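Fold and geometry: a report
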Amino acid sequence: MFHPYTTPRQPPVFNQRPPGPRFLNYKNRGLEGANSFPALNKKPLSPYKWIRPPPIAAFVPPHMPRMSSGHKRQMNEYNNPPAVKHQRLDFSPDPSLAPPAIWRPRFPDPAVRQPPRPSLVGSHQVPSSPNFSHHPQGLSVTRRVFNIHLYANDTLSGQMVEMFEACQQQPSDLEHKEMIRANLLQEIKKCYKGARLYLTGSSMNGLACRTSDADLCLVVEQQKRSTILRVLSRLRDVFKNLPYISTTDLIKAKVPILRFREKDSNVEFDLNINNTVGIRNTFLLKSYAHADARVKPLILVVKKWARHHKINDASKGTLSSYTLVLMVLHYLQILNEPVLPSLQRDHPDCFDPLMEIDSVPESSSYVPSYSSRNESSLGELFLGFLRYYSTQFRWSELVISVREATTFLKSKSWGNKFICVEEPFDGKNVARAVYEKAKFKAIKAQFAEVRSTHPHLQTTQMPSPLFIILLPICLCSLTATSLQKWT
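Within an unreviewed UniProt entry, the label attached to the chain reads polynucleotide adenylyltransferase, and the organism entered is Nothobranchius furzeri. The UniProt entry for the chain carries the following text under Catalytic activity (unreviewed entry): "RNA(n) + ATP = RNA(n)-3'-adenine ribonucleotide + diphosphate".

Written as structure tokens, this is what we have:
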């Protein structure tokens, strides 16, 4: 989906002469006249003898480790003549270690004929043309290189960084999920030849833990709900016979999913059909995650905190992980000195909701960098997040909008939902799972618990015991037992 890294060629140097002295011709006397040039108290130059320079060594590209054969896509995935999107994994490290990235904004070249826009579902019939490329082109912008430890200058922040480094998803975890996706796609294509399968969600946007589940989006021609349920039922029967799948469960929710587990890693997969908005918001959240070094650790700690207090399970009427992520991003956008901007508002061409799904980038380097003047530590942001939703945010009146980096008043179209968080692309309420008043009160109570326990607590005060209250296991000395409890 994006060009592989290659070393740019050096620009040609014009008027460059070969090594050795210049060949002069004084008074048309030729080479001999140049060598016999008279000078005061100087001996004549010795005759010049040209020596052939050594050959220039051929450029050797940097070594790239090869993936094992089990992780490669099989050739039958590329048999279809149309040029479709083939998902590539982005193993770039965190912003604190990543090299400067290049942004190429998606501005179409009027001189290049653009192909017709295919449908979001069904088979992609994108004509192959040597003049057309899905990859955005444009000027280059150097991205800032962050160091997360600059924001860990207190006890709580240091512990948050330590937890993040211990629990974040590793490249090997993502590679294993991609291998499962590729194997499943081979089995699915036996039933639905034109199917495409995408790995989405936290696994791809960089906000996953080591034990986070994996979201899969299957794109097929079927669109009706009844037909989609039949497709999922058929796939459930197929998956039951696969040796690496342990359990399968068809969940007939508003967005039906097929839930199953992989035996070796025990990772849970949720497969939906034609929910392509997940592919778009995966790129959006990935761009936010790489916009500032504090985003990933803060979101991971918030999800751990919510899970410990049992308010992070949409199937049980509480907040989904996606909702929590949007709540964190919203808080970082509305500070007096924002940590994050609204990427959709500032760069609409990069996040066009009508962009062809196969043109959605998978690397955040296509989004220009943002330099925040906010220097708050991780601990200050975490406590500020809890204080904002416990004392300042008006749950019954406001709708959270990451798309506009603000809030707006609820209208009748939002119904009587207790919590309203706008999905950045389709505008739906991602917190609709919270429909019971008791669950809503339990969520608010957890945010307010810190203020009631420590009424005079300020975000700049970081006593060590507070970490034990908020996140009951202190990771000052990380052990295998504590790591197992966290993950």
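A count of helices and strands for the chain gives 13 helices and seven strands. Counting over 487 residues, the chain shows a buried share of 46%. Counted over contacts in the chain with a minimum sequence separation of 6, partners at least 24 positions apart contribute 69%. A total accessible area of about 26600 Å² is found for the chain, and carbon and sulfur atoms account for 54% of it.

Okay, the pattern of salt bridges next. Applying the stated criterion across every chain yields a total of 13 salt bridges. Residue D270 pairs with R259 through a salt bridge whose shortest N-O separation is 2.7 Å. Of this pair, D270 sits in strand β5 (residues 268–273) while R259 sits in strand β4 (residues 257–262), placing them eleven residues apart in sequence. By relative accessible area, R259 is classed as partly exposed at 25%. Beyond isolated ion pairs, a larger network of salt bridges with shared partners links R259, R261, E268 and D270.

Two elements, strand β3 (residues 245–251) and β4, share five bridges in a ladder whose sense is antiparallel. When the bridges of β4 are listed, D249 appears paired with R259. Connecting β3 to the next strand, β4, in antiparallel fashion are five residues.

What follows is about the environment of C420. Take C420: it is sitting in the loop between β7 (406–409) and α11 (437–453). Judged by its relative accessible area of 2%, C420 is buried. Filtering out sequence-adjacent residues up to four positions away, C420 remains in contact with L398, V399, I400, K410, W414 and N429.

Here we come to helix α10 (residues 378–392). With 15 residues, α10 should reach 21 Å at 1.5 Å per residue; the first-to-last C-alpha distance of 20 Å fits that figure. Of the positions making up α10, those classed as buried are L378, G379, L381, F382, L383, G384, F385, L386, Y388 and Y389.

Per the stated rule, a full pass over the model turns up 18 aromatic pairs. Relative to F393, the ring of Y388 has its centre 6.0 Å away and its plane inclined at 50°; by these criteria the two rings are tilted. Considered together, Y388 and F393 belong to a single accessibility category, that of buried residues. Ring centres 5.7 Å apart and planes at 50° place the aromatic pair Y389 and F447 in the tilted group. With Y389 in helix α10 and F447 in helix α11, this pair connects stretches of sequence that are 58 residues apart. By the burial criterion, Y389 is buried, and F447 matches it.

With respect to the helices, strands and loops of the structure, Q446 is situated in helix α11. What makes Q446 buried here is its relative accessible area of 18%. Polar side-chain contacts of Q446 include one of 2.9 Å to the side chain of H309. If sequence neighbours within four positions are ignored, Q446 has contacts with W305, H309 and I311.

Now for the nonpolar core. Nonpolar side chains tend toward joint burial in soluble globular proteins. The biggest cluster of nonpolar side chains holds 68 residues, and the ones touching the most others in it are M327, L329, F382 and Y389. Of all the elements in the fold, those that place two or more residues in this core are α2 (155–167), α6 (277–289), α7 (295–308), α8 (321–333), α10, β6 (398–401) and α11. In terms of nonpolar packing, the next biggest core, distinct from the first, is built from 31 residues, L184, Y192, A195 and Y244 among them.

This part is about the environment of E422. Residue position: E422 is located in the loop between β7 and α11. When the C-alpha atoms of E422 and V399 are compared, they prove to be 6.8 Å apart, with 23 residues separating the residues in sequence. Residues within four places of E422 in sequence aside, it is in contact with L326, V399, I400, S401, R403, F408, W414, G427 and K428.

Here we come to a positive patch on the surface. Together, K254, K417, K428 and R432 line one region of the surface with positive charge. Inspection of the secondary structure puts K254 in the loop between β3 and β4.

Once that is clear, we can look at the pairing of β7. Of the strand pairs in this sheet, β6 and β7 are connected by four bridges, and their pairing is antiparallel. Its bridge partner lying in β7, I400 is registered against T407. Joining the antiparallel neighbours β6 and β7 is a turn of four residues, in which A405 adopts a positive phi near 55°.

Pairing between sheet strands relies on hydrogen bonds along the backbone, with the strands arranged either parallel or antiparallel. Spatial strand order, β1-β2-β5-β4-β3: five strands in an open sheet with mixed pairing. The open sheet is flanked by β1 (196–200) and β3, the only strands paired with a single partner. Mean inter-strand twist for the sheet, computed between neighbouring axes without regard to direction, equals 25°. Sheet strands in contact with helix α3 (residues 171–189) are β1, β2 (214–219), β4 and β5, and its direction is about 160° off that of β1.

How each quantity is defined
- Residues numbered from 1 in each chain as written.
- Predicted model: local features only at pLDDT ≥ 70, side-chain atom pairs only at ≥ 80, totals over all residues.
- Heavy atoms only, no water.
- UniProt positions renumbered as here; feature names shortened; annotations may be inferred.
- Helix = DSSP H or I, 4+ residues; strand = E, 2+ residues; numbered from the N terminus.
- Buried < 20%, exposed > 50% of the residue type's maximum accessible area, 1.4 Å probe, protein only.
- Contact = heavy atoms within 4.5 Å.
- Areas by Shrake-Rupley, 256 points an atom, 1.4 Å probe, with all protein chains shown as cover.
- Salt bridge = Lys/Arg side-chain N within 4 Å of Asp/Glu carboxyl O.
- Pairing = 2+ DSSP bridges.
- Expected span 1.5 Å × (residues − 1).
- Phe/Tyr/Trp six-rings, centres within 6.5 Å; stacked < 30°, edge-to-face > 60°.
- Polar contact = N/O pair within 3.5 Å; in protein donor to acceptor, adjacent residues only side chain to side chain.
- Core = buried A, V, L, I, M, F, W, Y, C linked by side-chain atoms within 4.5 Å.
- Patch = residues over 30% accessible without salt bridge, like charges linked within 9 Å, V, L, I, M, F, W, Y side chains within 5 Å.
- Lys, Arg positive; Asp, Glu negative; His and termini not counted.
- Charge placed at Lys NZ, Arg CZ, Asp CG, Glu CD.
- Axes fitted to C-alpha atoms, helices over the stretch in contact; angles between N-to-C directions.

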